[in-house]
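Reading the structure
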Amino acid sequence: MTLQHRTVQPKILYYGTPVVLLSTCNEDGTTNISPISSSWALGSCLVLGLGCGGKGLENLKRYPECVINLPDPSLWRHVERLALLTGKTPVPSSKKELGFRYEKDKFSAAKLTPCESEKVRPARIAECPLQIEASVQDIRIPENHPWFAVVETETRRVHAREAYILGDHYIDPNQWRPLIYNFRHYFSLGEELGKTARAET
Ligand SMILES: Cc1cc2nc3c(=O)[nH]c(=O)nc-3n(C[C@H](O)[C@H](O)[C@H](O)COP(=O)(O)O)c2cc1C
């Protein structure tokens, strides 16, 4: 293997993060679904990166609750059915140019099933093995990148498919597999390599 590098100007830097299907509340109480891959967790806080031109952010500004649904790799085709849909009408010109069209009922469009949440208003997605109900605590537009928002959320309730729960308080890393968005292609995870010194399972 050569260790030589050369400089490159990649068009995208999506280097492999889990896909999230974000449920938010439309004006009429129905649920919109936005596929995103920009998220990270620290403690009970989940931070999301949302484009300013989407329905997801518009909904969160009006009604600050969401569900962070995590699909597994078997659901990639369902996710992809949403890839060129927006809940925003009229479709913003920046999205129109990319081939987006308006769709109000994202559940039907993606062949997914809504399921009532317990602590928040937007619906969960029944097919997703992990569903995190959350409240939005802050929405910031970065001064240098005003085309997206950094959305800070606090977890209110976590639902996990029975088979993925270890003891009472852990998700089993040998059962759960996220769907990974890797430079705009969908991937699964490989086998376990090892664990960190702080692993409790
Ligand atoms: C797999 C995948 C990952 C995406 N990641 C993001 C993301 O992290 N942030 C974002 O704002 N849009 C992301 N998008 C694009 C949004 O899905 C798109 O903007 C869509 O319009 C959102 O739907 P909405 O307008 O109804 O909210 C992603 C799309 C796909 C298919």
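Calculation notes
- Per chain, the residues get numbers from 1 upward, laid out in the order the sequence is written.
- Per-residue local features of the predicted model are confined to residues with pLDDT of at least 70, and side-chain atom pairs are confined, for both listing and counting, to 80 or more; whole-chain, interface and lining totals are unaffected and use all residues.
- Side-chain figures throughout are based on the complete set of non-hydrogen atoms in the structure, without hydrogens or water.
- Counting from the N terminus, the helices are the DSSP runs of H or I reaching at least four residues and the strands are the DSSP runs of E reaching at least two.
- Values of the radius of gyration come from C-alpha atoms, whereas the globule rule sets the reference at 2.2 Å times the count of residues to the power 0.38.
- Between buried and exposed lies partly exposed: a residue is buried under 20% and exposed over 50% of the maximum accessible area for its type, with that area taken using a 1.4 Å probe on protein chains only.
- Whether two residues touch is decided by their heavy atoms; if any such pair falls within 4.5 Å, the residues are in contact.
- Throughout, the Shrake-Rupley method with a 1.4 Å probe supplies accessible areas, and for residues the shown protein chains are the sole cover considered.
- Here Asp and Glu are counted as negative and Lys and Arg as positive; His is not counted, and neither are the chain ends.
- For this purpose, a charge sits on NZ of Lys, CZ of Arg, CG of Asp or CD of Glu.
- We treat two strands as partners when DSSP finds at least two bridges between them.
- Fitted lines through C-alpha atoms give the axes, limited to the stretch in contact for helices. The angle between two N-to-C directions lies from 0 to 180 degrees.

Moving on, we get to the overall build of the protein. Check the secondary structure of the protein and you find four helices and 16 strands. Taken over the C-alpha trace, the protein has a radius of gyration of 18 Å; the compact-globule value for 201 residues is 17 Å, and the two agree within 12%. With the C-alpha coordinates of the protein rotated into their principal frame, the extents come out at 50 × 50 × 35 Å. Across the 201 residues in the protein, those meeting the buried criterion constitute 39%. Relative to all contacts within the protein whose residues are 6 or more apart in sequence, the contacts with residues 24 or more apart total 61%. Surface summary for the protein: the accessible area is close to 12500 Å², and the carbon and sulfur share equals 53%. Across the protein, the 25 positively charged side chains and the 23 negatively charged ones have centroids separated by 7 Å.

Another aspect to go through is the sheet that holds strand E1 (residues 15–18). The strand order across the open sheet formed by three strands is E1-E15-E16, and the pairing between neighbours is antiparallel. Every other strand in the sheet has two partners, leaving E1 and strand E16 (185–187) as the edge strands with one partner each. Going across the sheet, the axis of each strand differs from the next one's by a mean of 30°, ignoring polarity.

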